[in-house]
Amino acid sequence: MSKIAIMLQFNGNWDNYGRFRDFEVDAIVVDENASYSILISTIAEQLSIDTSEKIIKNKYMVNDNCPPMEIRNDMGVRVYMETKKDNKNLGSYPLCISVRDFNMELAIANDNTSAATGLYALVKTRKRTAVVVGSMVIPKYCDPKTVYTPKDIQTDMLSEYGKTADECFLYAFVTLCTSISGWQHYRPVVVVDGTFLKSAYRGIMLTTSTMDAAGTIFPLAYVVVDSEKDASWKWFFEQFKQAYGERPSMCVVSDKNESILKATSIVYSGMPHYSCIWHIWTNIRSKFKKGHLQLHELYFVAARSYTLDEFNERMSKIEEVDPRVKSYLYDIGYHRWSRVHATVNRTWTMASNIAESLNAVTKDARELPIFDLLEYMRTLLERWTNEKLLKMKGTFTFLGSKFNKELENNRTLSQKLRVRASTDHIHTMLDGVKRYIVCLKNKKCSCGQFQLEELPCVHALAALRHRNETYENYCSPYYTRESLLRTYEIPVNHLHDESKWNVPQHILDEVVNLPMGDKRQPGRPQKEKYKTYDEIKLKKYKVSCENCGGEGHNKRCCKNMPKKK
């Protein structure tokens, strides 16, 4: 793969004639097949620019009669690289780098609340100054024939900055102190999703959640934005990083939304992004029309496989049913949906079920106005926290309820295994004709389940029973009752009446207009989603025959032999 040297012109400004003046010079070398995110990160590293606080804009001049072209995405990088191939001199087609602040103000809504018990709300407002709007409008008028209307200004502001030209409400980010304080006591596997609002102003509510030590939903933050696009997701992850920071082995699980992938690659560079296995299956079901019954079982077993041998065996069977499905899964990337190929331990979080469950709970509340919706979310988390605290006080097991149940099932199955000790820490398990090797020192088993779930598997429990040793030292600390207690040690308290809030004066003086509502469509508003053919075809119940016990018919039209009583 060939390299291309690119000159960088920075710390300059554009004049009224579309020319870059008073700049400094530097240079970088990138691959000719580099993506947009790689180009931005390389420029930021060379020029020491913090991309969490700055926006980098790249433009270049093709000729003197054409306004500067801006690189916005991967296609823009490809066009630039093809243009650069014709003349690979360092000085040809230099990139003009403009760096801008996000122009945000941090406002802590409800100053009356404290870091221990109150609401920690991050609501950020982006200022639309004449300089910002003017710097975007001036290059458009380099060509006298250009027709540039106020509607075009508004559209460009939304696409480039994620904001409108007026002072309309746009974004709101809310997280509670209970979630922030408990962030260190559960596995950093973050599940994100978006769902539609049904109020007069529409919009989208983005949610992020994870799983606590009891195996239940633990919401982290909820956000109201105008739509699911690159700017809103990027803003959301910036606020999330400011509130929660970054942890080792952190990853994001979501549906295959390209905006989420772009935002995480910019805000959390290097952090793995995984796809929900159920969303991938729905895509397979819609793209490929044969062998669904066989593919369903094989795909989910392959996704949850603990060893490469099991995975390869399932993939071979998938190829026998439909080779196109294997190619499709390969193009997605095995590491995005397979447990055994994941670079970060996802344990049980293979799908975005917890985010979808949270969307189902807020189904009716999403018809409320935005302020009432945010208050409903706070009271919902307050109720959930209180219920979990009461349940936790009545739990006396070492592990949380979900993981304790899983351990008890493994313990029951381990009774039939025969154990043969090789050393103090290495044991061989005999399960009929199968043989498994357990290393208690490294917390590994040849079945793969011990190290991937971080919970003693059937074979590890048999080895522990042989040594008369308890399992407590071989479980992940994220599954323990102690971790659950620390997660909810700060409760969600009641919110005082609005008349008693101590709101800063600069927040009271701020003028925020109502968001722009879409024109209401004629007819009754739709509340249910449009169902696919497969969902309509799928029956909620199955007819069974009382005579033979078969399905799909009843005893009146049964032609089979009666079942034995």
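Within each chain, residue numbers correspond to sequence positions counted from 1 in written order. Only residues with pLDDT of at least 70 are given local features in this predicted model, and only at 80 or more are side-chain atom pairs given and counted; all residues enter the totals for whole chains, interfaces and linings. To obtain the side-chain values, all non-hydrogen atoms of the structure were used and water was disregarded.

Draft legend 1. Main features of the pairing of strand S14 (residues 251-254). When a residue's accessible area, from a 1.4 Å probe over protein chains only, is under 20% of the maximum for its type it is buried; when over 50% it is exposed; and in between it is partly exposed. The secondary structure listing takes helices from DSSP runs of H or I that are at least 4 residues long and strands from runs of E that are at least 2 residues long, numbered from the N terminus. A two-sided burial pattern is seen for S14, the buried positions comprising Cys251 and Val253 on one face and Val252 and Ser254 on the other. Across 3 bridges, strand S11 (residues 189-196) lies against S14 in parallel orientation. Looking across to S14, one finds that valine 190 is bridged to valine 252. For two strands to be treated as a pair, DSSP must find at least two bridges joining them. Summarising the sheet, S14 and strand S15 (residues 273-275) pair through 3 bridges and their orientation is parallel. The partner of valine 253 across the bridge, within S15, is tyrosine 274. Handedness of the crossover joining S14 and S15 through helix H7 (residues 258-267): right-handed. By convention a crossover is right-handed if, when the strands point away from the viewer, the path from the first strand over the helix to the second runs clockwise.

Draft legend 2. Just the pattern of salt bridges, in detail. A pair is scored as a salt bridge if a Lys or Arg side-chain nitrogen falls within 4 Å of a carboxyl oxygen belonging to Asp or Glu. If you walk through the whole model with that rule in mind, you get 22 salt bridges. Of the charged contacts in the structure, one is a salt bridge between glutamate 70 and arginine 72, with a shortest N-O distance of 3.6 Å. Where salt bridges share partners, they join Glu32, Glu82 and Lys85 into one cluster.

Draft legend 3. Expanded view of the state of the cysteines. The term disulfide is used for any two cysteine sulfur atoms that are within 2.5 Å. Overall, the coordinates contain 0 disulfides when judged by the stated rule. We note that cysteine 548 lacks a disulfide partner, and the nearest cysteine sulfur, in cysteine 558, lies 3.7 Å from it. By relative accessible area, cysteine 548 is classed as buried at 18%. In this structure cysteine 557 is a free cysteine whose sulfur lies 7.4 Å from that of cysteine 545, the closest cysteine sulfur available. Given a relative accessible area of 47%, cysteine 557 falls into the partly exposed group.

Draft legend 4. The side chain of serine 98, seen in detail. When you line up the elements, serine 98 lands in strand S7 (residues 95-101). Using a relative accessible area of 16% as the deciding quantity, one classes serine 98 as buried. Whether two residues touch is decided by their heavy atoms; if any such pair falls within 4.5 Å, the residues are in contact. When neighbours within four sequence positions are excluded, serine 98 is seen to be in contact with Trp14, Phe20, Ile55, Ile56 and Lys57.

Draft legend 5. Structural context of the environment of glycine 432. When you line up the elements, glycine 432 lands in the loop between strand S17 (426-431) and strand S18 (434-439). With 14 residues separating them along the chain, glycine 432 and arginine 418 place their C-alpha atoms 8.8 Å apart.

Draft legend 6. Structural context of the nonpolar core. Think of a nonpolar core as a cluster: buried Ala, Val, Leu, Ile, Met, Phe, Trp, Tyr and Cys residues, connected wherever their side-chain atoms sit within 4.5 Å. Among the nonpolar cores identified, the biggest contains 35 residues, and Phe237 and Phe240 are the most heavily contacted of them. Of all elements in the fold, only S11, strand S12 (204-211), strand S13 (217-225), helix H6 (230-244), H7 and helix H14 (370-393) reach the threshold of two or more residues within this core. Per-element tally for this core: the top contributor is H6, with 8 residues. Contacts of phenylalanine 240, omitting those with residues within four sequence positions, involve Phe173, Trp183, Val190, Thr208, Leu220, Gly245, Met250 and Tyr268.

Draft legend 7. Structural context of the UniProt feature "domain: SWIM-type" (unreviewed entry) in the protein. With numbering aligned to this structure, UniProt lists the feature "domain: SWIM-type" (unreviewed entry) at residues 436-468. With 45% helix and 18% strand, the stretch residues 436-468 has end C-alpha atoms that lie 19 Å from each other. UniProt positions are given in the numbering used here, feature names are shortened, and annotations may be inferred rather than shown by experiment.

Draft legend 8. Structural view of the packing of aromatic side chains. Stacked, tilted and edge-to-face pairs are distinguished by plane angle, under 30 degrees for stacked and over 60 for edge-to-face with tilted covering the rest, among Phe, Tyr and Trp rings (Trp via its six-membered ring) whose centres lie within 6.5 Å. In the structure shown here, the tally under the stated rule is 28 aromatic pairs. Ring centres 5.8 Å apart and planes at 75 degrees place the aromatic pair tryptophan 183 and tyrosine 186 in the edge-to-face group. Taking the relative accessible area as the measure of exposure, tyrosine 186 reaches 1% and is therefore buried. Here tyrosine 299 and tryptophan 337 contribute two aromatic rings whose centre-to-centre distance is 5.5 Å and whose plane-to-plane angle is 35 degrees, an arrangement assigned as tilted.

Draft legend 9. How the structure looks around unusual backbone geometry. Of note, lysine 443 is a non-glycine position whose phi angle comes to about 55 degrees, a positive value. Inspection of the secondary structure assignment puts lysine 443 in the loop between S18 and strand S19 (444-445). Phi at asparagine 468 is positive, roughly 55 degrees, even though this residue is not glycine. Inspection of the secondary structure puts asparagine 468 in the loop between helix H17 (458-467) and helix H18 (481-487). A residue is classified by how much of its surface remains accessible, and asparagine 468, at 75% relative accessible area, is exposed.

Draft legend 10. Main features of the confidence of the model for the protein. A residue's pLDDT is the predictor's confidence in that residue, given on a scale from 0 to 100. Overall, the predicted model of the protein reaches an average pLDDT of 81, with 82% of residues at or above 70. Here strand S8 (residues 104-108) stands out as the element of the protein with the lowest mean pLDDT, 32, in contrast to helix H10 (residues 308-321), whose mean of 93 is the highest. The low-confidence segment residues 102-127 (pLDDT under 50) makes 84 contacts with residues lying over four places distant or belonging to another chain.

Draft legend 11. Inspection of the sheet that holds S17 at higher detail. If you walk across this open sheet you meet the 4 strands as S16-S17-S18-S19, and the pairing is antiparallel. Of all strands in the sheet, those bounded by a partner on one side alone are strand S16 (418-421) and S19. Here S16 runs beside S17; their pairing, made up of 4 bridges, is antiparallel. Among the inter-strand pairings, arginine 420 is bridged to a residue of S17, identified as threonine 428. Contacting S16, S17, S18 and S19, H17 runs over the sheet at an angle of about 115 degrees to S17. Where helices are involved, their axes are fitted lines through C-alpha atoms of the stretch in contact, as for all axes, and angles between N-to-C directions lie from 0 to 180°.

Draft legend 12. The arrangement of empty space enclosed by the protein in detail. Throughout, the protein atoms alone are placed on a 1 Å grid, and a set of points is a cavity if a 1.4 Å probe fits but cannot get out or a pocket if it is open with protein on both sides within 12 Å along at least five of seven lines; lining residues have an atom within 4 Å of a point. Grid points are joined across faces, edges and corners, and a volume is the space filled by probe spheres set on the points. Inspection of the entire model under this criterion finds 4 cavities of 30 Å³ or more. Residue lining of the largest cavity: 13 residues in total, with Arg187, Met211, Thr347, Phe403 and Tyr479 positioned closest to the centre. Residue polarity is assigned by list, with Asp, Glu, Lys and Arg as charged and Ala, Val, Leu, Ile, Met, Phe, Trp, Tyr, Cys and Pro as nonpolar; anything else, Gly included, falls into the polar class. Taken together, the residues of the lining of the largest cavity sort by class into 8 nonpolar, 3 polar and 2 charged. In this document the domain limits rely on a domain assignment from an automatic tool or a database. In terms of domain composition, the lining of the largest cavity takes at least three residues from each of domain 2 (150-272 + 343-394) and domain 4 (401-484).

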